[in-house]
Amino acid sequence: MKRSILGMQLLAGILGVILIALLACAAPSTTPTPTAAPLGRVEVLGVWGGEELASFQAMVAPWEQQTGGTMAFTGTRDLIAILTTRIAAGNPPDIAILPNPGQMMELAKAGNLTPLSSFLDMNKINQEYSKGWVDLGTVDGKLYAIFVKASDKGTVWYNPKTFAANGWKVPTTWDQMIALSNQIVSEKKTPPAPWSVAVESGQASGWPATDWMAQIMLRKYGGDVYDQWVAHTIPWTDSRIKDVWQMFGTIALTQGYVPGGAIAALATNFQDGTYLPFQTPPKAAMCYLGDFTAGFIATQFPNLVAGQDYSFFPFPTIAAQYSAGVTGGADLVAAFKDNPTVRSFVQYLSTAGAQEIWVKRGGFTSVNKMVSLNAYPNVLTRDAAKQLTEATLFRFGAGDSMPAAVQTAWWQGVLAYLQNPSQLDAILSNIEAQAKTAYQ
Amino acid sequence: MPRLLTKLLESNRQRAGRPSPRSLVAWLWLLPALAFIAVFLIYPVVDTFRISFMNADSTAYIGIGNYVHVFTSRATQDALLNNVLWLSFFTLLAVGLGVVLAVLTGRVRYESLAKAAIFIPMAISFVAAGVIWKFVYAYSPEGFSQIGLINATGTSMGLPPVAWLVQQQIAYTGQVLPTPLHTNNFALILVGVWMWTGFAMVILSASLKGIPVEIIEAARVDGASEWQVFWRILLPMLSPTIAVVATTLIIQALKNFDIVWVMTAGNFNTDVVATLMYKQMFNFRHFGQAGALAVILLLAMIPVMLINVRRFRA
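Every value quoted in this text rests on a predicted model; they were computed, and no experiment measured them.

Considerations on the overall build of chain A
- Across its full length, chain A carries 18 helices and twelve strands.
- Reported as C-alpha extents along the three principal axes, the dimensions of chain A are approximately 85 × 55 × 45 Å.
- The 440 residues of chain A split such that 42% are buried.
- Counted over contacts in chain A with a minimum sequence separation of 6, partners at least 24 positions apart contribute 77%.

Focus on the nonpolar core
- Core analysis: the largest hydrophobic core is formed by 175 residues, its most contacted members being Phe147(A), Met217(A), Ala265(A), Leu332(A), Ala334(A) and Leu249(B).
- Among the domains, domain 1 (41-151 + 327-396) and domain 2 (155-326 + 397-438) of chain A are the pair contributing at least three residues each to this core.
- When neighbours within four sequence positions are excluded, Met217(A) is seen to be in contact with Tyr226(A), Trp229(A), Val244(A) and Ala398(A).

Remarks on the confidence of the model for chain A
- On average, residues of chain A score 87 in pLDDT, and 92% of them reach the 70 mark or higher.
- Predicted confidence for residues 15-34 of chain A stays below pLDDT 50, and this span has two contacts to residues more than four positions away or in other chains.

Details of the interface of chain A and chain B
- Contact residues are listed per partner, giving 14 residues for chain A and twelve residues for chain B.
- Broken down by class, the residue content of the side of chain A that touches chain B amounts to eight nonpolar, five polar and one charged.

Quick look at the pairing of strand E3 (residues 95-98) of chain A
Residue and element names in this part refer to chain A.
- A two-sided burial pattern is seen for E3, the buried positions comprising Ile95 and Ile97 on one face and Ala96 and Leu98 on the other.
- As judged from the two bridges shared by strand E1 (residues 41-46) and E3, these two strands associate in the parallel manner. Residue Val44 lies in a different strand from E3, and its bridge partner there is Ile95.

A closer look at the packing of helix H4 (residues 74-105) of chain B against helix H10 (residues 226-254) of chain B
All names here are of chain B.
- Their axes nearest at 9 Å, the elements H4 and H10 cross at an angle of 140°. One finds that H4 runs oblique with respect to H10. Considering the relative orientation of H4 and H10, their crossing is right-handed. Of H10, the residues touching H4 (which contributes Asn83, Trp86, Leu87, Phe90, Thr91, Ala94, Val95, Gly98, Val99 and Val103) are Phe230, Leu234, Leu238, Ile242, Val245, Ala246, Leu249, Ile250, Ala253 and Leu254.

Thoughts on the environment of Pro235(A)
Residues and elements named next belong to chain A.
- Tracing the sequence through the fold places Pro235 in the loop between helix H9 (207-231) and helix H10 (239-253).
- The class for Pro235 is partly exposed, based on 14 C-beta atoms found within 10 Å.
- Sequence separation between Pro235 and Lys436 is 201 residues, and the spatial gap between their C-alpha atoms is 8.9 Å.

Observations concerning the domain arrangement of chain A
Residues and elements named next belong to chain A.
- What the domain assignment reports for chain A is domain 1 (41-151 + 327-396) and domain 2 (155-326 + 397-438).
- Taken over C-alpha atoms, the centre of domain 1 sits 29 Å from the centre of domain 2.
- Taken together, the 22 residues of domain 1 in the interface contact 23 residues of domain 2.
- Within the residue set of the side of domain 1 that touches domain 2, elements represented by two or more residues are strand E11 (325-335), helix H16 (379-389) and strand E12 (393-396).

Here we look at the sheet that holds strand E9 (residues 284-288) of chain A
All names here are of chain A.
- One open sheet holds the four strands; their spatial order is E8-E9-E7-E10, and the pairing between them is mixed. The sheet is open, and its two borders are formed by strand E8 (193-195) and strand E10 (311-314), each paired with just one other strand. Recorded for the sheet is a direction-independent mean angle of 25° between the axes of neighbouring strands.
- By the bridge criterion, three bridges tie strand E7 (residues 155-158) to E9 in an arrangement that is antiparallel. Its bridge partner lying in E9, Val156 is registered against Tyr288.

Side note on the packing of helix H17 (residues 404-419) of chain A against helix H18 (residues 424-438) of chain A
All names here are of chain A.
- Between H17 and H18, whose axes approach to 9 Å, the crossing angle comes to 170°. Between H17 and H18, the interaxial angle falls into the category roughly antiparallel. Contact residues: Ala405, Val406, Ala409, Trp410, Gly413, Ala416 and Tyr417 in H17; Leu424, Ile427, Asn430, Ile431, Gln434, Ala435 and Ala438 in H18.
- Among the residues forming the contact of H17 with H18, the class breakdown is eleven nonpolar, three polar and no charged.

Calculation rules
Residues numbered from 1 in each chain as written. Chains lettered and ligands numbered in written order. Predicted model: local features only at pLDDT ≥ 70, side-chain atom pairs only at ≥ 80, totals over all residues. Helix = DSSP H or I, 4+ residues; strand = E, 2+ residues; numbered from the N terminus. Buried ≥ 20, exposed ≤ 12 C-beta atoms within 10 Å, placed from the backbone. Contact = placed C-beta atoms within 7 Å. Core = buried A, V, L, I, M, F, W, Y, C linked by C-beta atoms within 7 Å. Domains from an automatic or database assignment. pLDDT = per-residue confidence, 0-100. Nonpolar A, V, L, I, M, F, W, Y, C, P; charged D, E, K, R; others polar. Pairing = 2+ DSSP bridges. Axes fitted to C-alpha atoms, helices over the stretch in contact; angles between N-to-C directions. Parallel < 35°, antiparallel > 145°, perpendicular 65-115°, else oblique. Left-handed = near helix turned anticlockwise from the far one by under 90°.

Structural data, given as structure tokens:
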């Protein structure tokens, strides 16, 4: 008896499987036939995961529907290592999303990349992207990369309501910013301190301070000196680099500027540090960090309104001729293979229509000029996008463009400097020693 | 093991006078184990040794350059000194507290409860322990609400908050002692002690239970004070176990990584050799220097291992 029931269940199961298989066979004929010849599968290697990956997939979905091609995403936190290994093994991905142009240039020079200018409509690209971004993606006269998903590091965060209540004015120059800082210290209102500086970030502790220095360098000494610094054609002991450190030191080390002083800056996590101007009561007036800070604040204080309760002002002018200088970052799309699927995919990603999909979902700043500013979810992201697309002097964050050993030495140098400011010369010659071996 | 093998073979030879099929059989039985050891132990060790004499991406030999760098660069010198500090303080404190607690818990009615409480940290993963203690040591500037247990207690008694994981000068006094005697190093070592004291206590307590009661009773009858019983009877009889526990903890101190990595990531001069090795390997992709550090760590461990092995043989 028991056995027969089992047999019937088995039979039903088999019939079910056959039915499903039949349905599955029938399914493709019901979907609309793609207009062009069907495309294959494109493999994309990148660092995105979670929310970012979901947004990327949403961005790619219309392409998949229109062309019949499919996108397979391989996510890794160790992008460069995986990429190097796969290229060496003769098995590169079709497309990689790289975090900075340094790596792209090396790959292009080594002949690993497909020039995008061979199949993209360059007139359209030149119309939609400002010259600075096209130049950054060009090696030896050929375009190798399209920039997507930029971030802006020229933003100083503050609480407009506290500023209004205390009668403080948003500074536009460095001197005004220092004057305001001194005013805040002497007035002893709420908040009693002008700055929140927080550099703890586990193994990468120190990077928020290096962002400060990169932005100061670009605004004070301009793009040429900045490039020489990144390429290590001027030594770390150069007086201009030392000056940049000391200007950061003015903010971080002046008595009364940072609540708890340098020890607090070292011990506080960078994300927690961004909360100080917005908590009740506020503990500091301003905090410098990239445009992604908006996300930290929105998550921690869901009731605050962007643009009213929290906002940013552009990093103040230091030297008038470099007042358009903005540091930041951007992910770029580079192709390792050349076939109709890759061509169609890259072409699609470069369009404003594709990028607007992610822009609307938030967390994405496009450098395509055709992307409507109205697509941005709020006034802050719109302002950051405007600052970036209009930036005539844009540079990638200095640390990200340097060899890893130098970047780490710089982070460590920051930690040492905050503990012992008097050791600055020794710290700089130590980084210089690291740089000498790393740039060989 | 080689000695065991030769003995086995010799006994065969003595019986047969020449290599017999039986010795071949012995070799055959040993083959899988030898193959495993060769692939998973000997080959990696030899290859690490080879790589430690090569450049960053292992494409050319550069002599002893990596070792010169290890012993001359400031960062590695500090890491070596920190390892020495771990070795001495971590081992001394964990073993010392283990002995004291083993003796004391043996004398109370709620022994199993007390022991369980002390042993529980051993069951927590290193990473979790690091995270827990990061909260215990948490620091906020003066005038902010303190969420760290120690600083909350300290500030409620009127003491200033201390950045335990950052500051190098001695807490509250501000004294600066020579490297590596820094507050943050001691704060990290304390976490290790918290985790391993239970282990030392349990093993020592088991050994303590093995000491015949008659000896202790006899000593008491002869008029020995409890203090004398501890120093003259218990401690000498415990010493073989203490040695085993100490060598285990020394090895633990030498390869210590997780606590430092989770709590400070080696910042503020708290790097140890293992964290530095990880950084050279995965951050800077300098396989040569990572290899050199690995070899140094291995060489430092060999004497400890030998002592342990010899003890087992005796």
